[in-house]
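Observations on chain architecture
Spelled out from the first residue to the last, the chains are:
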Amino acid sequence: MIDNAVSKLATYALRTGLIEDSEYTWAVNTILDVLKIDRYTDPGQDWGEIDLAAVLDELLDDAHARGVLAENSVVYRDLFDTELMGRLTPRPAQVIGRFQSLYAEDPQKATDWYYKFSQDTNYIRRDRIAKDIQWKAPTGYGELDITINLSKPEKDPKAIAAARNLPASNYPQCLLCASNEGYAGRVNHPARQNHRIIPISIHGAPWFLQYSPYVYYNEHCICLNREHVPMKIDRACFGKLLDFVRQFPHYFVGSNADLPIVGGSILAHDHFQGGRYTFAMEKAPVETPFTFPGFEDVEAGIVKWPMSVIRLDCADPERLIELADRILTAWRGYTDEAATIFAETDGVPHNTITPIARMREGRFELDLVLRNNLTTPEHPLGLYHPHAELHHIKKENIGLIEVMGLAVLPARLKDELAAVASALVSGADLRADERTEKHAAWAEGFRDRYTITADNALEIVRKETGLVFAQVLEHAGVYKRTPEGQEAFLRFLRTVR
């Protein structure tokens, strides 16, 4: 009986605080309006625990059966259920007011509430996030986080065909723009009626705070510039990062680099990513202390990490901004042919930085990860990028999240790694199955080191996947972890003035 599902959804909105007691009847009627239903009888039940995803599925199945939902694929269902949830989501001013009131008490109270709210509205789809496969892999750099991303829905052929026939649109300009708030979406752009963003000021500039709908780690937030302007790593960027952690000291925040290959997937809109999670890189110690002349008050050094990381620590953020700017300026123009580092080739710049800021024991900390996007005939996707022999696991760019020690791996690996584990147990030919063929050389390289059984095979494959990710990060490091590489790293540090 569809009245039950309507009642459950309105009750869910009431229990989660999306609506008030006095708005219950209005909520029922607005749900009926979206569903194109003009009759309703209140079931009069006090529902137990309500499974939001199951309730929405029931409502969408009914809408499709009645022809209200024309197509039953995930793209169209997402557009429809987001409209339903959007009708029940408080207006932006209400959300902003609540956040700011809580922030005045305690910043962590504000983000705790906002993160739960972003899940309660189904902007963050809890049921999909739960499908992601995650594990920790021990390596020489600590425990790296590995996740196989299953929460992003794949587009169906009908939606792809429909998108081709849509007129070109530049609204919203990109997936990050503030104009996404409340947007109804279309087959080639997600609906965001249930999305609310929080205005913040960082380093004197107007920005917004929101959460990622895909949540790769706890409280995975995004800070976005109010304006649609390109990513830029500069002195002002360091100031913004440090000002953000001053305002939200329980969060870290970082920026993708601002060049292709070593940057993130969206370079056209200036944004940062942060959250409440301790990555392996944060736990990694400084193994080579270094004092920059004139900055004796700043604790600095090279971090024990597969990529090339300079850690700066100081109670005064302005001193960090000044030193970070000098390091960036030196790195932008730095060439060391002996270490295969070129500032530019044919006028194309190669050097940039991935910066990450955090508070640690009341002091400001800034990690500067040196990046270079040089390509060569042998490595056309990037010299400091996963090399071809690792592409069976990770071929995509190494952005901020990976830099810190979390591998975001493609969905194909769910079945492929399981098939590798099964073949190792049965002794099947790894090269005879298209799911395992690309992994054959890798698996053959480690299988003789273990006694593999049905009980431990997948665990071994996952452990070895983590070791591959450690290699991925080593490939992305501009200075290798050899005596020669570390001496070259120090050569650069000595040039900073």
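Our subject is the structure listed above.
Here's what I pulled together on the structure shown here. Nothing here was measured: the structure is a model prediction, and the numbers come from that model.

**A look at the overall build of the protein chain**
- Scanning the protein chain from N- to C-terminus turns up 16 helices and 15 strands.
- Computed over C-alpha atoms, the radius of gyration of the protein chain comes to 25 Å, within 12% of the 23 Å expected from 2.2 N^0.38 for 497 residues, which places it in the range of a compact globule.
- Based on the C-alpha atoms only, the size of the protein chain along its principal axes is roughly 75 × 60 × 45 Å.
- Partitioning the intrachain contacts of the protein chain with sequence separation of at least 6 by distance along the chain shows that 64% fall at a separation of at least 24.
- The distance from the centre of the 55 positive side-chain charges to the centre of the 70 negative ones in the protein chain is 1 Å.

**Details of the pattern of salt bridges**
- Using the criterion set out here, one finds 39 salt bridges in the structure.
- The partner of D120 in a salt bridge is R126, with the nearest N and O atoms 2.8 Å apart.
- For R126, a relative accessible area of 38% gives the class partly exposed.
- The partner of R226 in a salt bridge is E227, and the shortest N-O contact between them spans 3.2 Å.
- Salt bridges sharing common partners tie together E282, R311, R358, R360, E365 and D367.

**Things to note about the sheet that holds strand β5 (residues 221-225)**
- The strand order across the open sheet built from ten strands is β3-β4-β5-β7-β6-β13-β14-β10-β9-β8, with neighbouring strands paired in antiparallel fashion. In the strand order of this sheet, the two ends are held by β3 (198-202) and β8 (286-289), each with one partner. With direction set aside, neighbouring strand axes in the sheet form an average angle of 30 degrees.
- Relative to strand β9 (residues 299-303), β8 runs antiparallel, the two sharing three bridges. Paired with V286 across the two strands is V303, which belongs to β9.

**Here we look at the sheet that holds strand β1 (residues 133-139)**
- Taken together, three strands build an open sheet; the order of strands is β1-β2-β15 and the sheet is mixed. Both edges of this open sheet fall to β1 and β15 (406-409), since each of them pairs with a single strand only. In this sheet, neighbouring strand axes are inclined to one another by 25 degrees on average, regardless of whether the strands run parallel or antiparallel.
- As paired strands, β1 and strand β2 (residues 142-148) are joined by seven bridges and run antiparallel to one another. Across the sheet, the residue bridging to I133 is I148, located in β2.
- Helix α13 (residues 412-426) contacts β1, β2 and β15 of the sheet and is inclined by roughly 110 degrees relative to β2.
- Across the sheet, helix α15 (residues 457-476) lies against β1, β2 and β15, angled at about 70 degrees from β1, the strand it touches most.

**Re the nonpolar core**
- In this structure, F244, F292, L312, Y479 and F492 are the most contacted members of the largest nonpolar core, which totals 104 residues.
- For Y479, the contacting residues outside a window of four places in its chain are S308, W331, Y334, A339, I341, L370, G485, Q486, A488, F489 and F492.

**Description of the packing of helix α2 (residues 24-35) against helix α4 (residues 74-88)**
- Interaxial distance between α2 and α4 falls to 9 Å at its minimum, and their mutual angle equals 155 degrees. In terms of their interaxial angle, α2 and α4 are classed as roughly antiparallel. Note on packing geometry: the crossing formed by α2 with α4 is right-handed. Facing W26, A27, T30, I31, D33, V34 and L35 of α2, the residues of α4 in contact are F80, E83, L84, R87 and L88.
- Classifying every residue of the contact of α2 with α4 by side-chain character gives eight nonpolar, one polar and three charged.

**Some words on unusual backbone geometry**
- With an omega of -15 degrees, the peptide bond between Y171 and P172 qualifies as cis.
- Mapped onto the elements, P172 comes out in the loop between α8 (157-164) and β3.
- Although it is not a glycine, I261 adopts a positive phi angle of roughly 75 degrees.
- For I261, the location among the structural elements is in the loop between β6 (252-254) and β7 (271-275).

**What to know about the state of the cysteines**
- Inspection of every chain in the model, using the stated rule, returns zero disulfides.
- Take C174: it sits in no disulfide, and the sulfur closest to it among the cysteines is that of C177, at 3.7 Å.
- Summary of cysteine pairing: C221 is not part of a disulfide, and the nearest cysteine sulfur, belonging to C223, is at 4.8 Å.
- By relative accessible area, C221 is classed as buried at 0%.

**Here we look at the packing of helix α1 (residues 2-15) against α2**
- For the pair α1 and α2, interaxial distance at closest approach is 9 Å and the crossing angle is 130 degrees. Accordingly, the angle class assigned to the pair α1 and α2 is oblique. Helix-helix and strand crossings are classified by hand; for α1 and α2 the assignment is right-handed. Contacts between α1 and α2 involve V6, S7, L9, A10, T11 and L14 on the former and, on the latter, Y24, A27, V28, I31, L32 and L35.
- Of the residues that constitute the contact of α1 with α2, the class distribution is ten nonpolar, two polar and no charged.

**Overview of the pairing of β1**
- Side chains of β1 alternate between two faces, with I133, W135, A137 and T139 buried and Q134, K136 and P138 left unburied.
- What sits between the antiparallel neighbours β1 and β2 is a turn of two residues.

About the thresholds
Residues numbered from 1 in each chain as written. Predicted model: local features only at pLDDT ≥ 70, side-chain atom pairs only at ≥ 80, totals over all residues. Heavy atoms only, no water. Helix = DSSP H or I, 4+ residues; strand = E, 2+ residues; numbered from the N terminus. Rg over C-alpha atoms; globule rule 2.2 N^0.38 Å. Contact = heavy atoms within 4.5 Å. Lys, Arg positive; Asp, Glu negative; His and termini not counted. Charge placed at Lys NZ, Arg CZ, Asp CG, Glu CD. Salt bridge = Lys/Arg side-chain N within 4 Å of Asp/Glu carboxyl O. Buried < 20%, exposed > 50% of the residue type's maximum accessible area, 1.4 Å probe, protein only. Pairing = 2+ DSSP bridges. Axes fitted to C-alpha atoms, helices over the stretch in contact; angles between N-to-C directions. Core = buried A, V, L, I, M, F, W, Y, C linked by side-chain atoms within 4.5 Å. Parallel < 35°, antiparallel > 145°, perpendicular 65-115°, else oblique. Left-handed = near helix turned anticlockwise from the far one by under 90°. Nonpolar A, V, L, I, M, F, W, Y, C, P; charged D, E, K, R; others polar. Disulfide = S-S within 2.5 Å.

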